[in-house]
Amino acid sequence: MSGLPCESEPVGLFAGQHVLAELEGVSPELLDDEQFLKHALGEALTQADATVLEVVSKQFEPQGVTVLALLSESHASIHTYPEVGAVFVDVFTCGTRAKPALAVQLLAEALGAVSARTDMISRGHRVPALVGEEKS
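Under an unreviewed UniProt entry, the name given to the chain is S-adenosylmethionine decarboxylase proenzyme, and the organism recorded is Saccharothrix longispora. Check the Subunit (unreviewed entry) section of the UniProt entry for the chain; it says "Heterotetramer of two alpha and two beta chains arranged as a dimer of alpha/beta heterodimers." Taken verbatim from the UniProt record of the chain, the Function (unreviewed entry) comment is "Catalyzes the decarboxylation of S-adenosylmethionine to S-adenosylmethioninamine (dcAdoMet), the propylamine donor required for the synthesis of the polyamines spermine and spermidine from the diamine putrescine."

Novice: Is there a simple way to think about the UniProt feature "modified residue: Pyruvic acid (Ser)" (unreviewed entry) in the chain in this case?
Specialist: This chain's UniProt record puts "modified residue: Pyruvic acid (Ser)" (unreviewed entry) on S74. Mapped onto the elements of the fold, S74 is located in strand 4 (residues 74–81).

Novice: What should I look at first to understand the nonpolar core in this one?
Specialist: Within soluble globular proteins, side chains that are nonpolar tend to cluster in buried spots. Counting residues in hydrophobic clusters, the biggest one holds 29 residues, and the most contacted among them are L41, L45, I78, V89 and L107. Residue assignment for this core shows that the elements contributing at least two residues are strand 1 (15–24), helix 2 (34–47), strand 3 (65–71), strand 4, strand 5 (86–94) and helix 3 (100–111). I78 has contacts with L37, L41, V65, T66, V67, V87, F88, V89 and L107, leaving out every residue within four places of it along the chain.

Novice: Just to check I follow, could you spell out helix 2 for this structure?
Specialist: Note that an α-helix has 3.6 residues per turn; residues three or four places apart therefore point the same way. The end-to-end C-alpha distance of helix 2 is 20 Å, a good match for the 20 Å that 14 residues give at a rise of 1.5 Å each. The secondary structure elements touched by the buried residues of helix 2 are helix 1 (28–31), strand 2 (52–59), strand 3, strand 4, strand 5 and helix 3. Backbone geometry just after helix 2 places D49 at a positive phi near 70 degrees.

Novice: Sorry, what's going on with the pattern of salt bridges here?
Specialist: Oppositely charged side chains can form a pair if their charged atoms are brought close together. One pass over the structure, following the stated rule, counts 4 salt bridges. Between E22 and R117 there is a salt bridge, with the nearest N and O atoms lying 3.0 Å from each other. Of this pair, E22 sits in strand 1 while R117 sits in strand 6 (residues 115–124), and the two are 95 residues apart along the sequence. When its relative accessible area of 49% is taken as the criterion, R117 is described as partly exposed. The closest approach of N and O atoms between D49 and K99, which form a salt bridge, is 2.2 Å. Of the two residues, D49 sits in the loop between helix 2 and strand 2 while K99 sits in the loop between strand 5 and helix 3, which places them 50 residues apart along the sequence. Among the residues examined, D49 registers a relative accessible area of 30% and is labelled partly exposed. By relative accessible area, K99 is classed as partly exposed at 31%. One network of salt bridges, with partners in common, ties together E22, R117 and D119.

What counts as what
- Residues numbered from 1 in each chain as written.
- Predicted model: local features only at pLDDT ≥ 70, side-chain atom pairs only at ≥ 80, totals over all residues.
- Heavy atoms only, no water.
- UniProt positions renumbered as here; feature names shortened; annotations may be inferred.
- Helix = DSSP H or I, 4+ residues; strand = E, 2+ residues; numbered from the N terminus.
- Core = buried A, V, L, I, M, F, W, Y, C linked by side-chain atoms within 4.5 Å.
- Buried < 20%, exposed > 50% of the residue type's maximum accessible area, 1.4 Å probe, protein only.
- Contact = heavy atoms within 4.5 Å.
- Expected span 1.5 Å × (residues − 1).
- Salt bridge = Lys/Arg side-chain N within 4 Å of Asp/Glu carboxyl O.

Structure (structure tokens):
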């Protein structure tokens, strides 16, 4: 992506990190609260230095919510399963400014998750600043 918000980063740096997470032991009420989830995802991303452009969501019947965040750096999503107290989280950021693993950690804390399983994938060209952050 070009035009990243970080001035010290070259335009068009073809590198990023993709964090995939499964959070469990979350209150079913929180996982069905569309407005809380939109706010929690937006806050976690902002605190992790991502640039949130827009957050959209869909409440499902009889339960469950999907929230999508469009970022200058790429995107993030959550898909909730209140019936089992679990949520899938996906945060992909291009460049080196944003910290997707931190965003997932902050979201897990906001949700009060009992357990979290995360996988981080480096994408694009290997960048030393990103490779060093893979340990989490």
